[in-house]
Amino acid sequence: MKRISGILALLALAGLTGCATKGYVQTQVDPLAERIGKLEAAVSRLNGVTDNDAAAIKAANDKAQQALDLSNKAVVDVVKADGDVRNAEAAAMRAETAALRAEKAAGDAEKAAGDAEKAAGEARQGAQKSEKIFELEQKK
């Protein structure tokens, strides 16, 4: 009996506290559901990329690739130009060396010409002496 009275007391106590009605629950949940919906929409906007965004990203990537290609071509051109400059510098050094050799050869040629003129002069003097000796011999 005590058991039955305890159970009845519990049921009476549960009846006094009452249960939440559907309307009360709806008034409590609706603002939360609205806030959750807004948050879900914001998250999906942040996570999702629109078609326009994807097209803009692709266009930016394409332009970046074109810029990279142009940059690589410029590097190749600079390396080639550097090689051309080095070749030109080497050719200039060879030309300078050849010019120095030509100047030395010209100096040597001038000296040889001077020596030849001197020898020619000595030969003339020798010829004149020989001619005088011959004339003297003829007179005898």
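The residue numbers shown here count from 1 along each chain, following its written sequence. Local features in this predicted model are restricted to residues whose pLDDT is 70 or higher, and side-chain atom pairs enter the listing and the counts only when it is 80 or higher, whereas totals over whole chains, interfaces and linings include all residues. Where side-chain values are given, they derive from all heavy atoms of the structure, hydrogens and water being excluded.

A look at the overall build of the protein chain
The helix count covers DSSP runs of H or I at least four residues long, the strand count covers runs of E at least two residues long, and both are numbered beginning at the N terminus. The number of helices and strands found in the protein chain is 3 helices and 0 strands. Reading the helices (α) and strands (β) of the protein chain from amino to carboxyl end gives α-α-α. Only protein chains enter the accessibility calculation, which uses a 1.4 Å probe; a residue is then buried when its area is under 20% of its type maximum, exposed when over 50%, and partly exposed in between. In the protein chain, which comprises 140 residues, the share counted as buried stands at 0%. Of the roughly 12,700 Å² that the protein chain leaves accessible, carbon and sulfur atoms contribute 62%. Note on areas: these come from Shrake-Rupley sampling with a 1.4 Å probe, and a residue is covered only by the protein chains present in the view.

Examining the pattern of salt bridges
The working definition used for a salt bridge is a side-chain nitrogen of Lys or Arg within 4 Å of a carboxyl oxygen of Asp or Glu. For the structure on display, the rule yields 5 salt bridges. A salt bridge links Arg 86 to Asp 82, with the nearest nitrogen and oxygen atoms 3.0 Å apart. Taken together, the residues span about one helical turn, with Arg 86 and Asp 82 both in helix 3 (residues 51–139) at a distance of 4 residues. Judged by its relative accessible area of 35%, Asp 82 falls in the partly exposed class.

Considering the confidence of the model for the protein chain
The predictor rates its confidence in each residue with pLDDT, a number between 0 and 100. Residue-level pLDDT values for the protein chain average 81, and 81% of them are 70 or greater. Mean pLDDT across the secondary structure elements of the protein chain bottoms out at helix 1 (residues 2–17), with 59, and peaks at helix 3, with 89.

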